[in-house]
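Fold and contact review
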Amino acid sequence: PMLAVKRLSTEKFAGGILAVGNNVANFCDCVGLLTMLGAEQTREDLIRQKLNEKIEKIFLYRKDSPTIVKRRFVESYFFTKMMELYEINDGLLDPADNKAICAAIANELPKYDVVIVADFGHGMMSQEAIDLLCQHARFLAVNAQSNAGNVGYQSILKYRRADYVCMAENEIRMEARDRRGDLRKMILDLSHTIHCDRIAVTRGKNGCMCYSKEEGFFEIPAFANQVIDRMGAGDSFLSLTALCVAAGVPAEITGFIGNVVGAQAVATVGHRTYVERASLLKHIESLLT
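To keep things clear, this report deals only with the structure shown in the data block. The structure displayed is predicted, hence computed values, not measured ones.

Two elements in contact, helix α3 (residues 95–108) and helix α4 (residues 127–136), have axes whose closest approach is 9 Å; the angle formed by their N-to-C orientations is 10°. One finds that α3 runs roughly parallel with respect to α4. Seen from α3, the contacting residues are Asn98, Cys102 and Ile105; seen from α4, they are Glu128, Ala129, Leu132 and Leu133. Classifying every residue of the contact of α3 with α4 by side-chain character gives 5 nonpolar, 1 polar and 1 charged.

The tally for this structure, following the rule as stated, stands at 13 salt bridges. We note a salt bridge from arginine 161 to aspartate 163, for which the minimum N-O separation is 2.4 Å. Salt-bridge contacts for arginine 184 lead to glutamate 219; the nearest nitrogen and oxygen are separated by 3.1 Å. Linking arginine 184 in helix α6 (residues 183–194) with glutamate 219 in strand β11 (residues 216–220), this pair joins segments that are 35 residues apart in sequence. Through salt bridges with shared partners, one network takes in Glu169, Arg173, Arg184, Arg203 and Glu219.

To continue, consider a nonpolar patch on the surface. On the surface, Phe73, Met82, Met83 and Leu85 cluster together into a nonpolar patch covering about 400 Å² of accessible area. Tracing the chain through its elements places phenylalanine 73 in strand β4 (residues 69–74). Relative accessible area serves as the criterion here: at 38%, phenylalanine 73 is assigned to the partly exposed category.

Before going further, it helps to spend a moment on the environment of valine 20. With respect to the secondary-structure elements, valine 20 resides in helix α1 (residues 15–25). Note on valine 20: relative accessible area 1%, which makes it buried. Residues valine 20 and glycine 234 lie 214 residues apart in sequence; the distance between their C-alpha atoms is 9.7 Å.

Reported here for the second largest pocket is a volume of approximately 300 Å³. Along the wall of the second largest pocket there are 18 residues; nearest its centre are Gly91, Leu92, Gly123, Met125 and Ser126. A per-element tally of the lining of the second largest pocket places α4 first, with 3 residues. For the lining of the second largest pocket, the residue count by class is 5 nonpolar, 9 polar and 4 charged.

Parameters and conventions
- Residues numbered from 1 in each chain as written.
- Predicted model: local features only at pLDDT ≥ 70, side-chain atom pairs only at ≥ 80, totals over all residues.
- Heavy atoms only, no water.
- Axes fitted to C-alpha atoms, helices over the stretch in contact; angles between N-to-C directions.
- Helix = DSSP H or I, 4+ residues; strand = E, 2+ residues; numbered from the N terminus.
- Parallel < 35°, antiparallel > 145°, perpendicular 65-115°, else oblique.
- Contact = heavy atoms within 4.5 Å.
- Nonpolar A, V, L, I, M, F, W, Y, C, P; charged D, E, K, R; others polar.
- Salt bridge = Lys/Arg side-chain N within 4 Å of Asp/Glu carboxyl O.
- Patch = residues over 30% accessible without salt bridge, like charges linked within 9 Å, V, L, I, M, F, W, Y side chains within 5 Å.
- Areas by Shrake-Rupley, 256 points an atom, 1.4 Å probe, with all protein chains shown as cover.
- Buried < 20%, exposed > 50% of the residue type's maximum accessible area, 1.4 Å probe, protein only.
- 1 Å grid on protein atoms, 1.4 Å probe; cavity = no way out; pocket = protein on both sides within 12 Å on 5 of 7 lines; lining within 4 Å.
- Points joined across faces, edges and corners; volume = space filled by probe spheres on them.

Have a look at this one:
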């Protein structure tokens, strides 16, 4: 069983929550999704319509807040983002809302073998909620994303323990305050600081670097032949590689699968499609023959 814990972000149709939830649901029989919508303008009907029907949907409602909407303005030919507008309340959670999210996490955690946390830094993941996850999740996979709404304030160090961390290269470099230094040293320092034995760093056109305390470092090239839109590639990479790490897949193979998933994600606009088991296996087979 899987539990995907995610702060909702919408780009026309709740893109982030759909990517994590639907990708995981295509590979697991039992999936739960815990997230917080706004009590005002919830957009719940649309979100339920777009989520895989087999996902158990656990929605909480933040008072005096809208469900987060992110609108991108892009150049029509290359889909280059020119600007972005947010509808968001990213202040501290009301004590009642914080109590509700902590109670929901405590109630759901015993049901699941793996927890995937996609932390967009928009307010849902209070330190109390994070501490519950770190203490009680059987297997904890985390991405603490840096984006236009939290840059400079988001940090993976909020999580004092994780079984697997997935980050973009710019995120770990911002964490280390080092633009050009040795990436391997940064990964080792992070592994020691948060007691995490498996880390993957995505590097765009340069593929990814995967670290395992037992196996060491592996660099895997990118496989994308056509890049239409990069949005959602990180969410897709996180979704499938978290499953691989939880299942004990070696680091090199995990990175290989993650880059195949990333290549599929960047070949479509936004979150119009999700990773399917059959298409992923065919893609892998084509690369190996």
